[in-house]
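# Results of the structural survey
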Amino acid sequence: AESVADSEGTILIRELAKILKQNGYDTGEKRLFQTLRADGYLIRSESADHNTPTQRAANMGLFVIKKSVITTASGETRVQNTTKVTGKGQVYFVNRYCGVKA
């Protein structure tokens with residue numbers, strides 16, 4: 001658990017859902033997004049900030065935001081934000097939702 005928490009790698013919330021399922025927490029990607037929003041880790045509003053970490057979650061170091069530049073078929077360029085779970089966040093959520101003690 002310490003090596004995961006200290007790692008530089010991040011994963012998508014979809015992958016976190018798979019890890020939680022392997023540890024006995026019955027969820028999928030969509031239900032996990034709902035749970036994280038309901039528990040105050042991700043922003044609920046349907047604005048541009050939807051599904052980005054709340055200030056509290058960011059301060060805890062549970063998530064990072066990866067920014068990507070996307071060019072659409074019509075030639076329009078926009079920035080897309082992807083919320084990723086840090087190693088520390090992976091350990092935190094497994095402990096929180098699965099009751100696993102590291």
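Residues numbered from 1 in each chain as written. Predicted model: local features only at pLDDT ≥ 70, side-chain atom pairs only at ≥ 80, totals over all residues. Heavy atoms only, no water.

Next up on the list: the overall build of the chain. A count of helical and extended segments in the chain gives five helices and three strands. Taking all 102 residues of the chain together, 32% fall into the buried category. Long-range pairs, those at least 24 residues apart, make up 45% of the contacts in the chain between residues at least 6 apart in sequence. Accessible area for the chain stands at about 6,400 Å²; split by element, carbon and sulfur atoms hold 49% of it. (Helix = DSSP H or I, 4+ residues; strand = E, 2+ residues; numbered from the N terminus. Buried < 20%, exposed > 50% of the residue type's maximum accessible area, 1.4 Å probe, protein only. Contact = heavy atoms within 4.5 Å. Areas by Shrake-Rupley, 256 points an atom, 1.4 Å probe, with all protein chains shown as cover.)

Here we take up the nonpolar core. In this structure, I13, L36, Y41, F63 and F93 are the most contacted members of the largest nonpolar core, which totals 18 residues. Taken together, the elements giving at least two residues each to this core come down to α2 (13–22), α3 (29–38) and α5 (87–98). Apart from residues no more than four positions distant in its own chain, Y41 is found in contact with L36, T52, P53, T54, R56, A57, L62, F63, Y92, F93, R96 and Y97. (Core = buried A, V, L, I, M, F, W, Y, C linked by side-chain atoms within 4.5 Å.)

As a further point, take the pattern of salt bridges. Considering all chains together, one arrives at four salt bridges under this definition. With a closest N to O distance of 3.3 Å, R14 and E29 form a salt bridge. Here R14, found in helix α2, pairs with E29, found in helix α3; they are 15 residues apart in sequence, far enough to count as distant. (Salt bridge = Lys/Arg side-chain N within 4 Å of Asp/Glu carboxyl O.)

So, on to α5. Taking 1.5 Å as the rise per residue, α5 with 12 residues should run 16 Å; its terminal C-alpha atoms sit 16 Å apart, in good agreement. Listed in full, the buried residues belonging to α5 are G87, G89, Q90, V91, F93, V94, Y97 and C98. Trailing α5 by a residue or two, G99 shows a phi angle of about 70 degrees, which is positive. (Expected span 1.5 Å × (residues − 1).)

We now examine the layout of surface pockets. The rolling of a water-molecule-sized probe over the atoms marks out the regions of remaining empty space. What the largest pocket holds in volume is close to 270 Å³. As for the largest pocket, its lining consists of 13 residues, of which F33, N51, N81, T82 and T83 are closest to the centre. Of all elements in the fold, only α2, α3 and β3 (77–85) reach the threshold of two or more residues within the lining of the largest pocket. With three residues, β3 is the largest single contributor of residues to the lining of the largest pocket. (1 Å grid on protein atoms, 1.4 Å probe; cavity = no way out; pocket = protein on both sides within 12 Å on 5 of 7 lines; lining within 4 Å. Points joined across faces, edges and corners; volume = space filled by probe spheres on them.)

Note: strand β2 (residues 63–71) against β3, nine bridges, orientation antiparallel. Counted as the bridge partner of I70 is R78 from β3. Linkage of β2 to β3, two consecutive antiparallel strands, is achieved through a turn of five residues, within which G75 is found at a positive phi near 90 degrees. (Pairing = 2+ DSSP bridges.)

A separate point is the packing of aromatic side chains. According to the stated counting rule, one finds six aromatic pairs in the structure shown. When the ring of F63 is compared with that of F93, the centres are 5.6 Å apart and the planes differ by 45 degrees; the resulting orientation is tilted. Remark: F93 occurs in helix α5 and F63 occurs in strand β2; sequence separation between them is 30 residues. Ring pairing ties together the aromatic residues Y25, Y41, F63, Y92, F93 and Y97, which thus form one cluster. (Phe/Tyr/Trp six-rings, centres within 6.5 Å; stacked < 30°, edge-to-face > 60°.)

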